[in-house]
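Working through the structure, step by step
Residues per chain, in single letters:
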Amino acid sequence: MSYRSLEDCVQDLERHGQLVRVTEEVDPHLEMAEIQRRVYLHRGPALLFLNVKGSRFRCVSNLFGTMDRARFIFRDTLEAVSKMIELRMDPANAFRKPLRYLTTPLTAMRTLPRRVRRGPVWQRQCRIEDLPAILSWPRDGGPFITLPQVYTEHPDFPGWRMSNLGMYRVQLSGNNYRLNEQVGLHYQIHRSIGVHHAAALRRNEPLKVSIFVGGSPAMCLAAVMPLPEGMSELMFAGMLGGRRFRCIRTTDGFTLAAEADFCITGYVDPGTTLPEGPFGDHLGYYSLRHEFPFIRVKNVYHRPRAIWPFTVVGRPPQEDTTFGELIHEITGPVIPKVIAGLKAVHAVDAAGVHPLLLAIGSERYVPFEDRKPQEILTIANAILGQGQLSLAKYLLIAAGEDDPGLGVHDVAMFLRHVLERADWTRDLHFQTRTTMDTLDYSGFKVNEGSKLVIAAAGKPLRRLDPIKPTARLPDGFSNLEVVIPGVLAVGAPPCVSRQEGRKVAEEFCASVAGQTWLSGYPLIVLCDDSLFTGRTLDNFLWVTFTRSDPAQDVYGIDAFMEDKHWGCRGPLVIDARIKPHHAPPLEADPEVTKRVDALGAIGRSLHGLI
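Because the structure is predicted, anything quoted here is derived from the model rather than measured.

**Details of the overall build of the chain**
Looking only at helices and strands, the chain features 18 helices and 32 strands. Its C-alpha atoms give the chain a radius of gyration of 25 Å, near enough to 25 Å, the size a compact globule of 610 residues would have. For the chain, the spread of C-alpha atoms along the principal axes amounts to about 75 × 60 × 55 Å. The buried share of the chain, reckoned over its 610 residues, is 61%. Of the contacts made within the chain by residues no fewer than 6 positions apart, 72% connect residues no fewer than 24 positions apart. On the chain, roughly 25,000 Å² of surface is accessible, and the fraction owed to carbon and sulfur atoms is 51%. Of the side-chain charges in the chain, 71 are positive and 68 negative, and the distance between the mean point of each set is 6 Å.

In structure tokens:
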């Protein structure tokens, strides 16, 4: 379906029974976010809020709340886009399978942006204070745009060809921002906007920024899509949206998305920063307040009857989970063409996406009798050099030849496969003091941390025990819980400092060393609440991989160092307790929860949905 506007999409969803109108007045301060989270978890419809307290604009959320709805929105273009990406990665496919790519020239015609002199977004203006001030979590530093499309151009190469469209965090007010004059801009250092900003700083000139909100749903996906080198997000949006991206060039040199619902324009001045955050983020914790660039606002444009789209970010799964699944669906088949020998890769959503990556590679050159990780280590290094995959903190990679039926999406099965085969004296490979995801606070500095590759190849080395053992635990440790066979969660004393944390973990390893039950449990996780951690696999994944930094928090029973290689002869132990330097986890306001409960009463708009 080729939507000219967000309004077109909303009406189409409503006609097909996939959207509900919320007629009651709803407060953008925490209430709308609470509603969105609960409707999403119930796999509910998209929501159109008609009466937003303090704003004259309507709001829509949960557009991408299910994969079925996302596929429905892009039902006429998804297959064509997949074919175009296949050709981009390997143009020879056009000669091998000409019939498959017969219609791709028509798709290609939609990729080139089209400049127009006027458009709906240019018909109205307002101020920042007129926009819906949606606050998602109690400790957030202010209202944020949660589905922004931030557009910049390379100062050395103006124009759309070297432009970047990304979904970077935008704080509308709060902290030290002057209302209506300044908005915060948070981007991670590895993003393309960072290249543009660096060029502007080198030239000692302001960087022009346009923030699009709304418009074709294709623009949202384009802003988060990891595209091949040389492919513009605007081109991708044209392909996915089924029509060329229309843009306006204003007299003061800004680019506007002609069919967006809103567009904020402004400048990032050289060398200027202000505190941004906190913000409830996709790891399930707050990203804290830090100095970031800000935009000096020039104009705020909007179309008539504009709709403000929003989502909520938090502990997975949330609506952005669908983005990840959709991206994998489009790009998954071409990943093995990017990295030789790579068969499959999966960023685990339940672990916060970036903290845990699972991969299957080829180990082709060693007979099965003697197989050990060799080729898959080369593949692992290649994975950690690829775009957003480079943000992985723990990378578990297995040789596909050991089990042709192994997949990366059955996380429990994959973990069992690796834990049966991994040799802790050989198969642990650390990278220390390296760059990390800006949003991950398990290290001691922003953007700094470590990585651990765990590689597994060959015959099983051990049997994983599914039964809770009878174990002698040191004082302060309790409540052994079996997460999956071979994995134990152990309740540990609260961590009060880095030094004390290291001492407690090392004392645990020394105290249990030599006990006979250890052989069936190659992985032990120390945590604050073992009952919570062991209750579900998702809880275990979230606690273990978001609350630990490999170099600081991985220990081992009977550990050793040999030729600068660290390993252990007994189980691997991960200290996944909350540390004093960690960001606080996200928790909803109970009073807001009660107010939202009332909206689900009989006769109310959300009855049966929350």
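Now that the structure has been shown, we can carry on.
**Digging into the pairing of strand S2 (residues 46–49)**
Burial along S2 is two-sided: the residues Ala46 and Leu48 and Leu47 and Phe49 are all buried. One ladder, built from 4 bridges, connects strand S1 (residues 19–22) with S2; its direction is parallel. Across the sheet, Val20 pairs through a bridge with Leu47, a residue of S2. Viewed along the sheet, the connection from S1 through helix H2 (residues 31–41) into S2 turns out right-handed. Pairing analysis gives 3 bridges linking S2 to strand S3 (residues 58–61), with the strands arranged antiparallel.

**Focus on helix H7 (residues 192–203)**
Spanning 12 residues, H7 covers 17 Å between terminal C-alpha atoms, matching the ideal 16 Å at 1.5 Å per step. Just past H7, the residue Asn204 takes up positive phi, approximately 55 degrees.

**Describing the side chain of Arg371**
The residue Arg371 is located in the loop between strand S22 (356–361) and helix H12 (375–383) in this model. Of note is the side chain of Arg371, whose polar atom sits 2.5 Å from the side chain of Asp402. Apart from residues no more than four positions distant in its own chain, Arg371 is found in contact with Glu363, Val366, Ala399, Glu401, Asp402, Ala457 and Gly458.

**With respect to the pattern of salt bridges**
Under the counting rule described, the total for this entry stands at 37 salt bridges. For Asp12, the salt bridge is made with Arg15, and the minimal N-O distance between the two is 3.3 Å. On the criterion of helical spacing, the pair formed by Asp12 and Arg15 is a turn pair, its members being 3 residues apart in helix H1 (residues 6–15). Judged by relative accessible area, which is 56%, Arg15 ranks as exposed. Close ionic contact of Arg595 with Glu31 constitutes a salt bridge, the shortest N to O distance being 2.7 Å. Of this pair, Arg595 sits in helix H18 (residues 590–599) while Glu31 sits in helix H2, and the two are 564 residues apart along the sequence. For Arg595, a relative accessible area of 39% translates into the label partly exposed.

Conventions we followed
- The residue count restarts for each chain, going from 1 along the sequence in the order it is written.
- Side-chain atom pairs in this predicted model are given and counted only at pLDDT of 80 or more, local residue features only at pLDDT of at least 70, and totals for whole chains, interfaces and linings cover all residues.
- As a convention, hydrogens and water are excluded, and side-chain values are obtained from all of the structure's heavy atoms.
- Secondary structure is summarised from DSSP: a helix means a run of H or I of at least four residues, a strand means a run of E of at least two, and numbering begins at the N terminus for each.
- Atoms considered for the radius of gyration are the C-alpha atoms alone. The globule rule reads 2.2 Å times the number of residues to the power 0.38.
- Only protein chains enter the area calculation, which uses a 1.4 Å probe; residues under 20% of their type maximum are buried, those over 50% are exposed, and those in between are partly exposed.
- We call two residues in contact whenever any of their non-hydrogen atoms come within 4.5 Å of each other.
- Residue exposure ignores everything except the shown protein chains as possible cover, and the areas themselves are Shrake-Rupley values with a 1.4 Å probe.
- All tallies of charge rest on Lys and Arg as positive and Asp and Glu as negative; His and the ends of each chain are not included.
- Think of each charge as sitting on NZ of Lys, CZ of Arg, CG of Asp or CD of Glu.
- When DSSP finds two or more bridges between a pair of strands, those strands are recorded as paired.
- With the strands pointing away from the viewer, any crossover whose connection runs clockwise from the first strand over the helix to the second is right-handed.
- Multiplying 1.5 Å by the helix residue count minus one yields the expected span of that helix.
- Polar contacts here mean pairs of N or O atoms no more than 3.5 Å apart (in protein, one a potential hydrogen donor and the other a potential acceptor; neighbouring residues in sequence count only if both atoms are side-chain atoms).
- Salt bridge, as applied in this entry: a Lys or Arg side-chain nitrogen positioned within 4 Å of an Asp or Glu carboxyl oxygen.

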